[in-house]
Amino acid sequence: MKVQEIIKQTNFPALQTFLQQQQITCRQIVEYYLKNIDLKNKQLNAFIEIYAHEALTRASEIDNKITTKQPLGKLAGMVIGLKDVIAYQNHPLQASSKILQGFQSQFSATVVERLLAEDAIIIGRQNCDEFGMGSSNENSIFGAVCNALNPERVAGGSSGGSAVAVQADMCRASIGSDTGGSVRQPAAFCGVIGLKPTYSRISRWGLVAYASSFDCIGLITKDIFDTALLLEVIAGKDEYDSTVSQKPVPAYSQCINQSIKKAWRIAYLQEALQSTAVSPAVKHRTWQKIQQLQAEGHIVEPVSFPFLDYILPTYYILTTAEASSNLARYDGIKFGWRAENCSTIEQLYKQTRTQGFGREVRKRIMLGTYVLSADYYDAYYLKAQKVRQLIKQATDKLWQNYDFLILPTTPRTAFCLNEIQQEPMQMYLEDIFTVQANLTGIPAISIPNGIDEEGMPIGLQIMANYFQETQLLAFANAILQRKVCNFENSENQ
Amino acid sequence: MQPTTALETIIGLEVHVQLATKSKLFASDSTAFGSEPNSQTSPITLGHPGTLPKINRIAIEYAIRMGLACKAQIASFITFDRKNYFYPDLPKGYQITQDKTPICKGGFVCIGYAQNQPKIIPLHHIHLEEDAGKSLHRAENDEYSYIDYNRAGVPLIEIVTQPVLRSAEEAQAFLMEIRRMVQYLGICDGNMEEGSLRCDVNISLRPEGSTQLGTRVEIKNLNSFRNVAKAITFEQQRQMALWQAGKATEIVQETRQFNTQTYETTALRTKENLNDYRYFIEPDLPPVIISQSWLAEIQKQLPLLPHQWFERLTQHYRLSNYDAEILLENQNFVLYFEQVCQHTTCYKAVANWLNNTLKSYFNENTLPIEITSFPRADLLAELIEMVAQQQITQTIAQQKIFPLLMQNPHTSPKKIAQQYNLLQENNTVQLQAIISEVLTKFEAKVQAYKKGKKGLFDFFTGEVMKRSQGKASPLLIKDLLEKMLKSLK
């Protein structure tokens, strides 16, 4: 096999065997991705900075470990891109915002430390919506990211660069972040796998905060084994994050092929499949999957979720409230970008924040400030906190009868660049199916579920109860291992 | 609102106490005072993107100590809230504080007990929060402002009283009691010059007998007992004048600042311009559970408090209120007092020694008052006993032996006295000779004495003492001198 084919076609354990047998080197792997970046990034804009020299040096170091028979990390051969919200010591960290222009992180995120400790190679930082705010990766100081399947289409967001980088073979996996669907939605748009684990499963130390009680580091890959392996490396307790779970981390990668229970109990949202907002192709593919699962003997039943209409308002009130506070530190005083020619402190604040933040971020800061202000606190923030509790309780109830909840990841497939940028409500509706997992904190994964009539990928989202990543990954793996059907006309369902 | 109605002053205090933890409330940076500016500023302190707070449990423990000392109700779990506002010395754009669930509720502090005028000052609550950095403005023509973030994140407790204080003196007494308490509890050095204790004053006036509170004014950031008193006095007079002029309605709810040069307060911002702090729960910190066993542990290690010591000193050791109060000024003196009193029953003498000789010695030599630099307790007791038994005079003990004892803290004062030949001479014959010598030399004075100038007795005593090189017993001198003067008829 040619080097290129080995990298492209083999699963990760096989790739590591090739490495061990010295039929391929880490340097060759890095060179392969660098070449793809070179070829495609100009058009796709997935990476905003490439650490070529550094990645090659590290690759040679790991190759040297192999030739000298030193013990190898679990992730030797894994080439990873970091969304521009993950801190990497002595590297720029900007959240795709002007306001952090020139800022370098003095420390590495816990996830980065853990990846490096297992011999992963970091190849660059990836474009995203500014501070993770957006669903199309069009809100970036570095410009929009394009979908590799059709560069006129969006990548999804906010981890658009991370999804396209995996989609277009510019790295093997990406570390993204998911506050309301920011990993799953672009993964669905790009036809790759996106996992948002349980809230608190992965330390947030080193993740630029958008909405702290929602923010979750997530993974984008092409192979679910990679997802499982990366998760088992980066998850777990961390003294730098007081909110992280102390639960032990299972060896997920060892569990994904475990013989699966005969009959899972699966719920699907009735409303989601009846809504006119969901495109026929997405409906059809989801129906098909439901029928397939039923045919295999699983229990698949419709459930009604009474709070669907409240999910988005609750999400936007609470996330913008937290964001207005989390982003207060970007004031031009201590680090990052500062407006010039200001004569008073108030002017400095106003100019720096008006010019340094993009439109969407400014809008959300204002919204959040508003919902927290004394006169509206009870009507919005407090009310939304209560609704969040109700949504959690209603979701918790599901797990008494079901193992999984399945839904389309998004109502439709990737739309065109600039298509809905001026229609914020429609843009926010992109998150309708993904935010439930963030409001409640449950794990959710998006896996490819065929394509629509225009060849754009459709995502199937599976959610599970808290800390049920093992089951979730095994179930997703079982679905993925079945032959993927070609697109059929939606009338045939 | 008649000008003839007597007015009473209603004062509530918010005292900020910097906790003497080694590291900050949410970061491992040092809290040492006086270091190079911005040398104790990790990414957490500076609020760099991606950083998260991590609670310092020692700070919680210190806050609990204060709560227990005030007999407050300690919360079974605490949460933190964000107080959002923009200021250059506030790195994150919010302060992590406690809005909804303060660590301590209620409780009280007793003041005035040493003056036989005890008054209970009930507390509203005590909460934990982080300090901000410091803005420095240098010369007028300096176009820069400077910020030192070393203080940012240093743990504070804010002690909030009910509005029950009535005067500047009471406010000062309360602050002094708080300072003594936090020092005894070992949770704060109480150093006001370094800003370890700071105070906000809420003050309003109302006609005596009224049950409604008047419009209150807040005076921010007072950093000495004197300034607290001065600010209250000024504000009392300012508001009083407005009441008496029938203009009480002109008193508006506002924040005022105290000018340390003119001793006046001036308006900083009115209520309309008050910040909307947009408090909400800090999502980066989970609730901290305060278990009964943790509380019991802290309670067990609680030292005796100033008012408890006061009782012990006045009841058990029979000291006067005055002596006890002076001794209480420093916990080390109190602890040492008790150590010395294990070896002697001359309690009053011990208190005098500590309050005078020992204190002066440390003041004059500008030494830090630490128990380890005191003489061994049994040796000081031995010295005090020697005076009591007239083996040496008080003067010799204080001026000669004590400095030597300080230099040789493990040497017996008896040995020192012998070595330097300082033991009191009770040789009557020798002393009689000295007395006759003095009486002969000052014959004229003896005559004057005879004629009624009895005050000269002390003069003769002094002369005799001088000639005995301080070694003679004052009692023996008095005895012999009286006899000899009488016989000179």
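Overview of the structure. The structure presented is a predicted model; accordingly, all values stated were derived computationally and were not measured. (Residues numbered from 1 in each chain as written. Chains lettered and ligands numbered in written order. Predicted model: local features only at pLDDT ≥ 70, side-chain atom pairs only at ≥ 80, totals over all residues. Heavy atoms only, no water.)

Moving on to the overall build of chain B. From N to C terminus, chain B includes 16 helices and 17 strands. Whereas a compact globule of 489 residues would reach a radius of gyration of roughly 23 Å, chain B reaches 30 Å, over 25% beyond that. With the C-alpha coordinates aligned to their principal axes, the bounding extent of chain B is approximately 90 × 60 × 55 Å. Within the span of chain B, comprising 489 residues, buried residues form 52% of the whole. Of the roughly 23,500 Å² of accessible surface on chain B, a fraction of 50% belongs to carbon and sulfur atoms. Computing the positive centroid from 52 side-chain charges and the negative centroid from 51, chain B places the two 8 Å apart. (Helix = DSSP H or I, 4+ residues; strand = E, 2+ residues; numbered from the N terminus. Rg over C-alpha atoms; globule rule 2.2 N^0.38 Å. Buried < 20%, exposed > 50% of the residue type's maximum accessible area, 1.4 Å probe, protein only. Areas by Shrake-Rupley, 256 points an atom, 1.4 Å probe, with all protein chains shown as cover. Lys, Arg positive; Asp, Glu negative; His and termini not counted. Charge placed at Lys NZ, Arg CZ, Asp CG, Glu CD.)

So, on to the side chain of Arg180(B). Looking at where Arg180(B) falls in the secondary structure, it is placed in helix H3 (residues 168–185). If near-sequence neighbours (up to four positions away) are discounted, Arg180(B) is found in contact with Tyr113(B), Pro306(B), Glu325(B) and Leu328(B). (Contact = heavy atoms within 4.5 Å.)

Right, let's talk about a nonpolar patch on the surface for a bit. A contiguous nonpolar patch, built from Tyr370(A), Tyr376(A) and Tyr380(A) and spanning about 270 Å² of accessible area, is present on the exposed surface. Residue classification places Tyr370(A) among the partly exposed positions, given a relative accessible area of 37%. (Patch = residues over 30% accessible without salt bridge, like charges linked within 9 Å, V, L, I, M, F, W, Y side chains within 5 Å. Salt bridge = Lys/Arg side-chain N within 4 Å of Asp/Glu carboxyl O.)

Taken together, the contact between chain B and chain A spans 33 residues of the former and 39 residues of the latter. With both sides pooled, the region where chain B packs onto chain A buries about 2,800 Å², and carbon together with sulfur makes up 59% of that total. When the buried surface of chain B facing chain A is broken down by residue, Pro49(B), Phe86(B) and Arg278(B) rank first, second and third, together holding 23% of it. Put simply, chain B and chain A have two salt bridges between them. The partner of Lys54(B) in a salt bridge is Glu239(A), and the shortest N-O contact between them spans 4.0 Å. Here chain B is connected to chain A by 15 residue pairs in polar contact (both at pLDDT 80 or more). Within the residue set of the side of chain B that touches chain A, elements represented by two or more residues are helix H1 (43–46), strand E4 (81–84) and strand E16 (280–281) of chain B. (Buried area = accessible area lost by both parts, 1.4 Å probe. Polar contact = N/O pair within 3.5 Å; in protein donor to acceptor, adjacent residues only side chain to side chain.)

Whenever strands of a sheet pair, they do so through backbone hydrogen bonds, lying parallel or antiparallel. Residues and elements named next belong to chain A. Judged by pairing direction, the sheet is mixed, and its 11 strands sit side by side in the order E1-E3-E2-E6-E8-E7-E12-E13-E11-E9-E10 without closing on themselves. Since the sheet does not close on itself, it has two edges, and those belong to strand E1 (47–50) and strand E10 (299–303), each with one partner. Taking the axes of each pair of neighbouring strands and ignoring which way they run, one obtains an average angle of 25° across the sheet. Judged from the five bridges that link them, strand E11 (residues 404–408) and strand E13 (residues 457–464) form a sheet pairing that is antiparallel. Paired with Leu407 across the bridge in E13 is Gln461. Contacts from helix H8 (residues 224–234) reach strand E2 (79–83), strand E6 (173–177), strand E7 (193–196), strand E8 (217–221) and strand E12 (444–451) within the one sheet, and its direction differs from that of E8 by about 150°. (Pairing = 2+ DSSP bridges. Axes fitted to C-alpha atoms, helices over the stretch in contact; angles between N-to-C directions.)

Packed helix pairs are characterised by how far apart their axes lie and by the angle those axes make with each other. Residue and element names in this part refer to chain B. Two elements in contact, helix H14 (residues 443–450) and helix H15 (residues 456–467), have axes separated by 10 Å at closest approach and are oriented at 145°. Taken as a pair, H14 and H15 cross one another with a handedness that is left-handed. In contact with Lys445, Val446, Ala448 and Tyr449 of H14, H15 contributes Leu456, Phe457, Phe459 and Phe460. When the residues that make up the contact of H14 with H15 are grouped by side-chain class, the tally is seven nonpolar, no polar and one charged. (Left-handed = near helix turned anticlockwise from the far one by under 90°. Nonpolar A, V, L, I, M, F, W, Y, C, P; charged D, E, K, R; others polar.)

Let us now look at the sheet that holds strand E5 (residues 94–97) of chain B. One open sheet holds the three strands; their spatial order is E5-E4-E16 (chain B), and the pairing between them is antiparallel. This sheet does not close on itself; its edge strands, each paired only once, are E5 and E16 of chain B. Of the strand pairs in this sheet, E4(B) and E16(B) are connected by two bridges, and their pairing is antiparallel. What sits directly across from Asp81(B), in E16(B), is Ile281(B). Packed onto the sheet, helix H12 (residues 308–326) of chain A meets E4, E5 and E16 of chain B and runs at close to 65° relative to E4(B).

Turning our eyes to something else, we now look at the pattern of salt bridges. On inspection of all chains with the given rule, the structure shows 47 salt bridges over all chains. For Glu360(A), the salt bridge identified is with Lys363(A), shortest N-O distance 3.4 Å. Remark: Lys363(A) and Glu360(A) occur in helix H14 (residues 359–372); sequence separation between them is three residues, near one turn of the helix. Take Glu360(A): its relative accessible area is 15%, and that puts it in the buried class. The partner of Asp378(B) in a salt bridge is Arg376(B), with the nearest N and O atoms 2.9 Å apart. Under the relative-accessibility criterion, Arg376(B) is labelled partly exposed at 38%.

Turning to the packing of helix H7 (residues 321–328) of chain B against helix H9 (residues 347–364) of chain B, a few remarks are in order. Residue and element names in this part refer to chain B. Interhelical geometry of H7 versus H9 gives an angle of 45° and a closest axis separation of 10 Å. By the criterion of interaxial angle, the relationship of H7 to H9 is oblique. H9 is crossed by H7, and the crossing has left-handed handedness. On H9, the residues that touch Asp323, Ile326 and Leu327 of H7 are Lys348, Asn352, Leu354, Asn355 and Lys359. Tallied by class, residues from the contact of H7 with H9 come to three nonpolar, two polar and three charged. (Parallel < 35°, antiparallel > 145°, perpendicular 65-115°, else oblique.)

Moving on, we come to the nonpolar core. The tendency in soluble globular proteins is for nonpolar side chains to be buried side by side. Ranked by size, the top nonpolar core spans 167 residues in total, and within it Ile86(A), Phe131(A), Ile445(A) and Ile462(A) carry the most contacts. In terms of residue count, the dominant contributor to this core is H12(A) (nine residues). Setting aside anything within four residues of it in sequence, one finds Ile445(A) in contact with Arg184(A), Ile193(A), Gly194(A), Leu195(A), Ile224(A), Leu460(A), Gln461(A), Ile462(A), Leu472(A), Leu473(A) and Ala476(A). Core analysis: the next-biggest nonpolar cluster, separate from the first, contains 73 residues, Ala59(B), Ala69(B), Phe80(B) and Trp294(B) among them. (Core = buried A, V, L, I, M, F, W, Y, C linked by side-chain atoms within 4.5 Å.)

Residues and elements named next belong to chain A. Buried within helix H5 (residues 110–117) we find Thr110, Val111, Val112, Leu115 and Leu116. Packing partners of the buried residues in H5 comprise helix H4 (52–67), E2, strand E3 (121–126), E6, E8 and H8. Just beyond H5, the residue with positive phi is Asp119, at close to 70°.

Bringing unusual backbone geometry into the picture now. Between Gly157(A) and Ser158(A) the backbone carries a cis peptide bond, its omega angle lying at 5°. In this structure, Ser158(A) sits in the loop between strand E5 (150–154) and helix H6 (160–167). Non-glycine residue Asn221(B) carries a positive phi angle of around 55°.

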